[in-house]
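# Chains, contacts and geometry: an overview
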Amino acid sequence: MSDELIQIETPFAFNEENQREFDELIGRYPVKEAAMLPTLHIAQKQAGYITPAVMKYVAEQLEVSVMKVKDVVTFYPMFFEEPVGEYVIRVCHTLPCALRDCKVVLDHLKEKLGTDVASETNLAKGTTADGKFTLMKVECLASCDVAPVIMVNDDLYKNLTPEKVDELLAKLAS
Amino acid sequence: MVEERRILYEHLDVPDINTFDVFCQYDGYTRFEKAIAEYQPEDIAKMVMDSGLKGRGGAGFSTGLKWSFVPKDIKPCYLCCNADESEPGTFSNRYVLEKNPHLLIEGILICCYAMGIETTYIYIRGEFTLGKKMLDAAIKEAYEKGYLGENIRGTGLNVDIYSHPGAGAYICGEETGLIESLEGKRGQPRNKPPFPAVEGVFGKPTVVQNVETLCNLPFIVGNGVEWYTQMGPTYADTRANPPTPDPNTGTKLYCISGDVNEPGVYELDLGLTCTELIEVAGGLRGEEVKAVIPGGSSAPILTHYELDTRLDFTSLTLAKSMLGSGGIIVMNETRNIVDCLLNIMKFYAHESCGQCTPCRWGTPWVRDIVQRIADGEGRDSTITRPKFGIAENGRWGDTGETEEIYEDLDLLESVANNIANVDTMTWNTICVFGIAVSWPAVSYMRKFRPEFEAAIREGKLVTLPVAEATVPPEENYAYQQRFVPQEFADL
Ligand SMILES: Cc1cc2nc3c(=O)[nH]c(=O)nc-3n(C[C@H](O)[C@H](O)[C@H](O)COP(=O)(O)O)c2cc1C
Ligand code: SF4
Ligand code: FES
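Residues numbered from 1 in each chain as written. Chains lettered and ligands numbered in written order. Predicted model: local features only at pLDDT ≥ 70, side-chain atom pairs only at ≥ 80, totals over all residues. Heavy atoms only, no water.

### Considerations on the environment of E120 of chain A
Convention followed: A helix here means a DSSP run of H or I that spans at least four residues, while a strand means a run of E at least two residues long, and both kinds are numbered starting from the N terminus. Residue contacts are counted whenever heavy atoms from the two residues lie within 4.5 Å of one another. Distance and chemistry together define a polar contact, namely a pair of N or O atoms within 3.5 Å, with one atom able to donate a hydrogen and the other to accept it when in protein, and with adjacent residues in sequence counting only for side-chain atoms on both sides.
By the secondary structure assignment, E120 of chain A is in the loop between α7 (102-113) and β2 (133-138). In the structure, E120 of chain A is positioned 38 residues away from E82 of chain A in sequence and 9.7 Å away in space, judged by C-alpha atoms. Ignoring sequence-local partners within four residues, the contact set of E120 of chain A consists of P77 of chain A together with H350 of chain B. A polar contact is formed between the side chain of E120 of chain A and the side chain of H350 of chain B, at a distance of 2.7 Å.

Following this line, the structure appears as structure tokens:
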């Protein structure tokens, strides 16, 4: 709890590396606001999730109102407004993956992690008590040929079975 | 058996083809060199028009025609490459981005040269982290080698390419949603007109083009229109009397998934049949084909009666479906169509951008009706309504008879048709997402009505044998177009 409060109240600013990335970005567009999505991605990478402080900072950088930033953050599923686990596990559950038994993979993950599936408005529901994993369902990841698939943070895992899930979790836990 | 013809994907598996040097060993950038050395920009635009190239992203709109709408006197003009690839069942752009990004850059250069464009944004799906990494590396290399930036190859041509990540919203694949998103807003589609070609990103003329469409350009320029138009079955016969039936030229990166033995991307000439494609993909996994979705989840479903339908733009339009993004999803006899529809409707209910009331409320409503039916709680009271079929004049229409239908099925059809009416092809929404919702909803229900009825009657999901589950063509409005246009009969 105290952690959470500190994070919200601590002002946010880009670290040096991200500042450089941002400076390079901003020159790409005729209006600053257009850098919104890439900027939020960088900010989320640094802060873990989009806190009010992050929104305020991004708004200042892009010279738009905080409301506009909030508006965007709430629209896109990839931006989190709550803390998530160290590993975000996205399980694809759209038709081609469903035809290849993604449900077995999802159920197995639920059981192994001992958590429910997060919803967009309640990420805590899908986050393990130790804060290591967040489990969520996502729509087609454009890899239906190797279904069922999941993404763990930035990496895609293909043709999953419960056994492969076990191996993966063991690797991540170590 | 139909042979693969790899053109866009020819060098996909060459090790290190993602690097500039290896790409150049395989003719890389020579087609762009040829374009700037031998042709004027107008010549390129004419070649693209003559090639009959149609957009591969979903709408299948003629690329040459789209370019011709762009006003020549308003600058700057932008190119947005649509790499948002989120239509369920589609995965061909991903491989280009991850394995052969220089091919896309070359295609973009040719487009920029033809259209006098200096800035390109590649809107790449947020989840494509590897694809973005590979693409960014390739862009960086192209700058270093003098193929991007200012005064390219001493020609005075300036082109900048920037990649721009999305953040997980399907609707940003729609071209005006993409533009809004690129401008840093919610990805909510705009009213059209004005079309992006006239007023797009930052209020300027904008060409929006799919990755695969752009990757065709080097080959059209390199090998010529004559060569290009030989691929695809219907062009030679129909060239004599354009515009309809219109050309279907070139190859298509068919993405096939679901119940086949070897799912994957197969590059084939446009126009092979469903049966042939399933055979190419290692055959069916299972005993019998129950249904095929021919163009991503938005496309109306095909039944086992329709497996001889050719998978090209014109033939599928005539079959009242669409080639869309070329994502083919196959379902075998063990699948329950109600269940499949439920999955798809959950997708659309999640992805509606929420701007238009019919879509925002209608889509979850359709989902809830299907959910209710799947849970065995479908409303089993019946209502009487006019029956459509072959009317007295021999055409499809009101037969003067009536039919009994379960309340929930009538409701399903009515709610879906009020988002976008699939019979009149009119929609009450800003973008054609509305059609993408009602097309599957209505076509699944009409073509597999016995399975929906069984679920309501029995109070649980019942998977019927293929023959029993499917409504035969002569009994259903959903197939009407297959009978009407005589002049298209032998396409
Ligand atoms: C709801 C919806 C989603 C779409 N998603 C995509 C997509 O993911 N990728 C794509 O290239 N086109 C998509 N399109 C089609 C685009 O609007 C547009 O027609 C296309 O990018 C134009 O490029 P093309 O002419 O090269 O196909 C979508 C359209 C709609 C209505
Ligand atoms: S039809 Fe749906 S997705 Fe398209 S603009 Fe309207 S609400 Fe948004
Ligand atoms: S449905 Fe899972 S990757 Fe396409």
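### Considerations on the domain arrangement of chain B
All names here are of chain B. Formally: Domains are outlined according to an automatic or database domain assignment. Throughout, the accessible surface (probe 1.4 Å) given up by two parts as they are put together, summed over both, is called the buried area. Any carboxyl oxygen of Asp or Glu that lies within 4 Å of a side-chain nitrogen of Lys or Arg is treated as forming a salt bridge with it.
Along its sequence, chain B is organised into domain 1 (20-230), domain 2 (249-332) and domain 3 (337-488). Each of domain 1 and domain 2 has a C-alpha centre, and the two are 26 Å apart. Each partner contributes residues to the interface: domain 1 has 20 residues there, and domain 2 has 22 residues. Both faces considered, domain 1 and domain 2 share a buried interface measuring about 1,500 Å² in area, 56% of it formed by carbon and sulfur atoms. Broken down residue by residue, the surface that domain 1 buries against domain 2 is led by R56, E87 and F91, which jointly contribute 32%. For the pair domain 1 and domain 2, the interface holds one salt bridge. Between the two partners, domain 1 and domain 2, sit ten residue pairs in polar contact (both at pLDDT 80 or more).

### Topic: the interface of chain A and chain B
Taken together, the contact pairs 36 residues of chain A with 56 residues of chain B. Inspection of the chain A/chain B interface yields one salt bridge. Our count for the contact surface shared by chain A and chain B stands at 22 residue pairs in polar contact (both at pLDDT 80 or more). Those elements that provide at least two residues to the side of chain A that touches chain B are α3 (36-47), α5 (66-75) and α6 (95-99) of chain A.

### Quick word on the side chain of R28 of chain A
Quick note on the threshold: Relative accessibility under 20% of the residue-type maximum defines a buried residue, over 50% an exposed one, and the middle range a partly exposed one, all with a 1.4 Å probe and only protein chains included.
Structurally, R28 of chain A is set in the loop between α2 (16-26) and α3. On the basis of relative accessibility, which here comes to 18%, the residue R28 of chain A falls in the buried class. A polar side-chain atom of R28 of chain A sits 3.4 Å from a polar atom in the side chain of E24 of chain A. Ignoring any residue separated from it by four or fewer positions in sequence, one finds R28 of chain A in contact with Y121, Y162 and S163 of chain B.

### Thoughts on the domain arrangement of chain A
Here chain A is described as being made up of domain 1 (3-75) and domain 2 (87-173). On a C-alpha basis, the centroid separation for the pair domain 1 of chain A and domain 2 of chain A is 28 Å.

### Digging into a nonpolar patch on the surface
Rule in force here: Only residues whose relative accessible area exceeds 30% and that take part in no salt bridge are eligible for patches, with like-charged residues grouped when within 9 Å of each other and nonpolar side chains (Val, Leu, Ile, Met, Phe, Trp, Tyr) grouped when within 5 Å. Accessibility throughout is a Shrake-Rupley quantity obtained with a 1.4 Å probe, and a residue counts as covered only by protein chains that appear here.
A cluster of nonpolar side chains, namely M49, F61, L65 and F69 of chain B, defines an oily patch on the protein surface of about 350 Å² accessible area. Tracing the sequence through the fold places L65 of chain B in helix α4 (residues 63-68).

### A short note on helix α17 (residues 449-458) of chain B
Counting buried residues in α17 of chain B gives seven out of ten residues, a clear majority hidden from the surface. Among all positions of α17 of chain B, only R449, E451, F452, E453, A454, A455 and I456 of chain B are buried.

### Quick word on the side chain of S163 of chain B
Looking at the secondary structure, you find S163 of chain B in strand β4 (residues 157-165). There is a polar contact of 2.6 Å between the side chain of S163 of chain B and the side chain of D136 of chain B.

### Describing the sheet that holds strand β7 (residues 264-269) of chain B
All names here are of chain B. Basically, it comes down to this: Pairing between strands is defined by DSSP: at least two bridges between the two strands are required.
Pairing is mixed across the open sheet formed by five strands, whose spatial order is β7-β6-β10-β8-β9. Because the sheet does not close on itself, it has two edges, and the strands there are β7 and β9 (302-303). In this structure, strand β8 (residues 289-293) lies alongside β9, joined through two bridges in antiparallel fashion. Across the sheet, A291 pairs through a bridge with T303, a residue of β9.

### Examining the sheet that holds strand β2 (residues 119-124) of chain B
Residues and elements named next belong to chain B. Worth spelling out the cut-off: Lines fitted to C-alpha atoms define the axes, with helix axes restricted to the stretch in contact, and inter-axis angles between N-to-C directions lie between 0 and 180 degrees.
Strand order in the open sheet formed by five strands is β3-β4-β2-β1-β5, with mixed pairing between adjacent strands. Edge positions in the open sheet fall to β3 (149-152) and β5 (206-210), since each of these has one partner strand only. If you compare each strand with its neighbour and ignore which way they point, the axes differ by 25 degrees on average. Strand direction decides the pairing type here: β3 and β4, joined by two bridges, are antiparallel. Across the sheet, residue G149 finds its bridge partner in β4, namely V159. Sheet strands touched by helix α8 (residues 175-182): β1 (78-83), β2, β4 and β5. Its angle to β2, the strand with the most contacts, is close to 105 degrees. Here helix α9 (residues 211-229) sits on the sheet and contacts β1 and β5; the angle it forms with β5, its principal contact strand, is near 90 degrees.

### Overview of the site of ligand 1
All names here are of chain B. Counted only if it meets this: Put simply, a residue is near a molecule or strand once any heavy atom of it comes within 4 Å of that molecule or strand. Classification convention: Asp, Glu, Lys, Arg as charged; Ala, Val, Leu, Ile, Met, Phe, Trp, Tyr, Cys, Pro as nonpolar; all other residues, Gly among them, as polar.
Neighbouring ligand 1 are 21 residues, the closest being G57, N82, E175, N210 and T213. A distance of 2.6 Å separates an oxygen atom of ligand 1 from a polar atom in the backbone of G57. G173 places a polar main-chain atom, nitrogen or oxygen, 3.3 Å from a nitrogen atom of ligand 1. A total of 610 Å² of accessible area belongs to ligand 1 in isolation, and the protein chains cover 92% of it. If you tally residues by element for the shell around ligand 1, the top one is β5, at three residues. Each residue belonging to the shell around ligand 1 can be placed in one class, and the counts come to six nonpolar, nine polar and six charged.

### Overview of the pairing of β2 of chain B
Residue and element names in this part refer to chain B. Counting buried positions over the six residues of β2 gives six, a clear majority of the element. A two-sided burial pattern is seen for β2, the buried positions comprising T119, Y121 and Y123 on one face and T120, I122 and I124 on the other. Pairing of β2 with β4 involves six bridges; the strand directions are parallel. Each residue of the ladder has a partner; that of Y121, found in β4, is Y162.

### Let's talk about the site of ligand 2
In the neighbourhood of ligand 2, 13 residues make up the surrounding shell, with C353, Q355, C356, C359 and C431 of chain B lying closest. Here the shell around ligand 2 is built from residues that sort into eight nonpolar, five polar and no charged.

### Here's the deal with the nonpolar core
Inclusion rule: Side-chain atoms within 4.5 Å link the members of a nonpolar core, which is a set of buried Ala, Val, Leu, Ile, Met, Phe, Trp, Tyr and Cys residues.
Judged by nonpolar contacts, the single largest core of 96 residues is most densely connected at Y76 of chain A together with F452 of chain B. Look past the residues within four positions of F452 of chain B in its chain and what remains in contact with it is I337, V338, L341, I373, L409, L412, Y444 and M445 of chain B. Core analysis: the next-biggest nonpolar cluster, separate from the first, contains 71 residues, L79, C81, A142 and L157 of chain B among them.

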